[in-house]
Amino acid sequence: MDRDEVDEELARRAAESDRIAQSLLAMDDHPGHPLLDAADREAVAALWARFEAYRRLLEDAREVRARHDKPTAADLAEVTELLTGPVVELDSHSVPLSRRGLTGPAVIAERVALDELVTRMRAGYAHVVEVLADAVARHTAAEAHRRDLAEAQAEAHRLRALVAEKIAVGDLPAVPDGLAECRALVANLAGLLDRRTELRGRLEAYRAKATRLGHAEHPTLSALHRAARDVLFTAPCDLPEATRAVGRYQQAVLDLAEAR
């Protein structure tokens, strides 16, 4: 590259370096950062290490360019090599003794150019950003699950106590730890209370029907109504017996209606 090309490339890389730094700082401020596991934290550290290699290389290129106002051919060649050549050392690792020759290297290091370094950083950054989003989503879902479970268990305890007081049932199941099981228990307990309410409503609806038919004071109906009401409004309520009692009253009202 000539002097103008070198200066343009240095300016472009400086702007690129600033953008990378801003992105990495935002990554570190992401709310999912504390939720990462060890492997993902290593991926974050690798990004910062590669950015540091980028920054050091750019600084070296600037220092070479600043040697002379009018850089020599050697200066330009050195800057060009720094900016475009495979000079960034990545992922050095030891060679196992069993695979090392007598004069072979003990450590192998991959060398890449700046463009390849940035390409790998983009891929690593995209991976980390995805992992961060997934970590937040999992954490949010777990928090919501815990909140839903706590609410369901509180409602189950409330209904369990109410059913034990209001409905004649055997041993009620304990409040479970699972959300689905807890919701099922809430539905079953609420169903028992709803059944009592439904039977009370049905009883009064048929009494209103008997009144419209002129049988409000009918002795048999009155006795059947009183019997059903006694069961329904006694705590704890025997739901099977209440169902039968309301059924007897309902049938008696229908029989008198058909006899008219």
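The rules behind these values
Residues numbered from 1 in each chain as written. Predicted model: local features only at pLDDT ≥ 70, side-chain atom pairs only at ≥ 80, totals over all residues. Heavy atoms only, no water. Helix = DSSP H or I, 4+ residues; strand = E, 2+ residues; numbered from the N terminus. Rg over C-alpha atoms; globule rule 2.2 N^0.38 Å. Buried < 20%, exposed > 50% of the residue type's maximum accessible area, 1.4 Å probe, protein only. Lys, Arg positive; Asp, Glu negative; His and termini not counted. Charge placed at Lys NZ, Arg CZ, Asp CG, Glu CD. Salt bridge = Lys/Arg side-chain N within 4 Å of Asp/Glu carboxyl O. Axes fitted to C-alpha atoms, helices over the stretch in contact; angles between N-to-C directions. Parallel < 35°, antiparallel > 145°, perpendicular 65-115°, else oblique. Left-handed = near helix turned anticlockwise from the far one by under 90°. Contact = heavy atoms within 4.5 Å. Nonpolar A, V, L, I, M, F, W, Y, C, P; charged D, E, K, R; others polar. Core = buried A, V, L, I, M, F, W, Y, C linked by side-chain atoms within 4.5 Å. Phe/Tyr/Trp six-rings, centres within 6.5 Å; stacked < 30°, edge-to-face > 60°. Lys NZ or Arg CZ within 6 Å of the ring centre and 35° of its normal.

S.K.: How do you make sense of the overall build of the protein when you look at a structure like this?
M.R.: Tallying secondary structure elements over the protein gives seven helices and two strands in all. Each helix and strand of the protein, ordered N terminal to C terminal, gives the series α-α-α-β-β-α-α-α-α. Relative to the 2.2 N^0.38 estimate, which gives 18 Å for 260 residues, the radius of gyration of the protein is 40 Å and therefore markedly larger than a compact globule would have. Along the first, second and third principal axes, the C-alpha set of the protein runs to 120 × 50 × 25 Å. Out of the 260 residues in the protein, the part that is buried amounts to 31%. Averaging the coordinates of the 36 positive side-chain charges in the protein and doing the same for the 45 negative ones gives two points 10 Å apart.

S.K.: Would you take a moment to explain the pattern of salt bridges for this structure?
M.R.: If charged atoms from side chains of opposite charge come close, those side chains can pair. Taken as a whole, this structure holds 20 salt bridges when the rule is applied. Between Arg 55 and Glu 52 there is a salt bridge; the shortest N-O distance is 2.6 Å. Here the residue Arg 55 and the residue Glu 52 both occupy positions in helix H2 (residues 38-65), the gap between them amounting to three residues, near one helical turn. Glu 52 gets classed as partly exposed once you look at its relative accessible area, which sits at 28%. Its salt-bridge partner being Arg 195, residue Glu 198 comes within 2.6 Å of it at the nearest N-O pair. Of the two residues, Glu 198 and Arg 195 are both situated in helix H5 (residues 179-212); the distance of three residues between them amounts to about one turn of the helix.

S.K.: Would you mind going over the packing of helix H6 (residues 219-232) against helix H7 (residues 239-259) with me for this structure?
M.R.: Geometrically, a packed helix pair is captured by the angle between its two axes and the distance between the axes. Two elements in contact, H6 and H7, have axes separated by 8 Å at closest approach and are oriented at 155 degrees. Of the possible angle classes, the one that applies to H6 and H7 is roughly antiparallel. The element H6 and its partner H7 pack so that their crossing is left-handed. Residues Leu 221, Leu 224, His 225, Ala 228, Val 231 and Leu 232 of H6 form the contact with H7, whose participating residues are Glu 241, Ala 242, Ala 245, Val 246, Arg 248, Tyr 249, Ala 252, Val 253 and Leu 256. The residue inventory of the contact of H6 with H7, partitioned by class, reads twelve nonpolar, one polar and two charged.

S.K.: What am I meant to see in unusual backbone geometry here?
M.R.: Trans peptide bonds make up the majority, and among non-glycine residues the majority have a negative phi. With an omega of 0 degrees, the peptide bond running from Ala 235 to Pro 236 counts as cis. Take Pro 236: it is sitting in the loop between H6 and H7.

S.K.: Please clarify how the nonpolar core should be interpreted in this entry.
M.R.: For soluble globular proteins, nonpolar side chains are generally found buried alongside one another. Leu 232, Tyr 249 and Val 253 are the most contacted members of the largest nonpolar core, which totals 31 residues. When contributions to this core are tallied by element, the ones reaching two or more residues are helix H4 (114-166), H5, H6 and H7. In terms of residue count, the dominant contributor to this core is H5 (ten residues). Once residues lying within four places of it in the same chain are set aside, the contact partners of Val 253 are Tyr 206, Lys 209, Ala 210, Leu 213 and Leu 221. The next biggest cluster of nonpolar side chains, apart from the first, holds 30 residues, and it includes Tyr 54, Val 64, Val 88 and Val 118.

S.K.: Would you take a moment to explain the packing of aromatic side chains for this structure?
M.R.: To describe a pair of aromatic rings, you give the distance between the ring centres and the angle between the ring planes. By the definition in use, this model includes one aromatic pair. Ring centres of Trp 48 and Phe 51 lie 6.2 Å apart, and the angle between their planes is 75 degrees; on these two criteria the pair is classed as edge-to-face. Of this pair, Trp 48 and Phe 51 both sit in helix H2, three residues apart, which is roughly one turn of the helix. Look at Trp 48 and you get partly exposed, because its relative accessible area is 26%. Phe 51 gets classed as buried once you look at its relative accessible area, which sits at 9%. The ring of Phe 233 has Arg 200 lying over it, and the distance from NZ or CZ to the ring centre is 3.9 Å. Between Arg 229 and the ring centre of Phe 233, over which it is positioned, the NZ or CZ distance is 4.2 Å.

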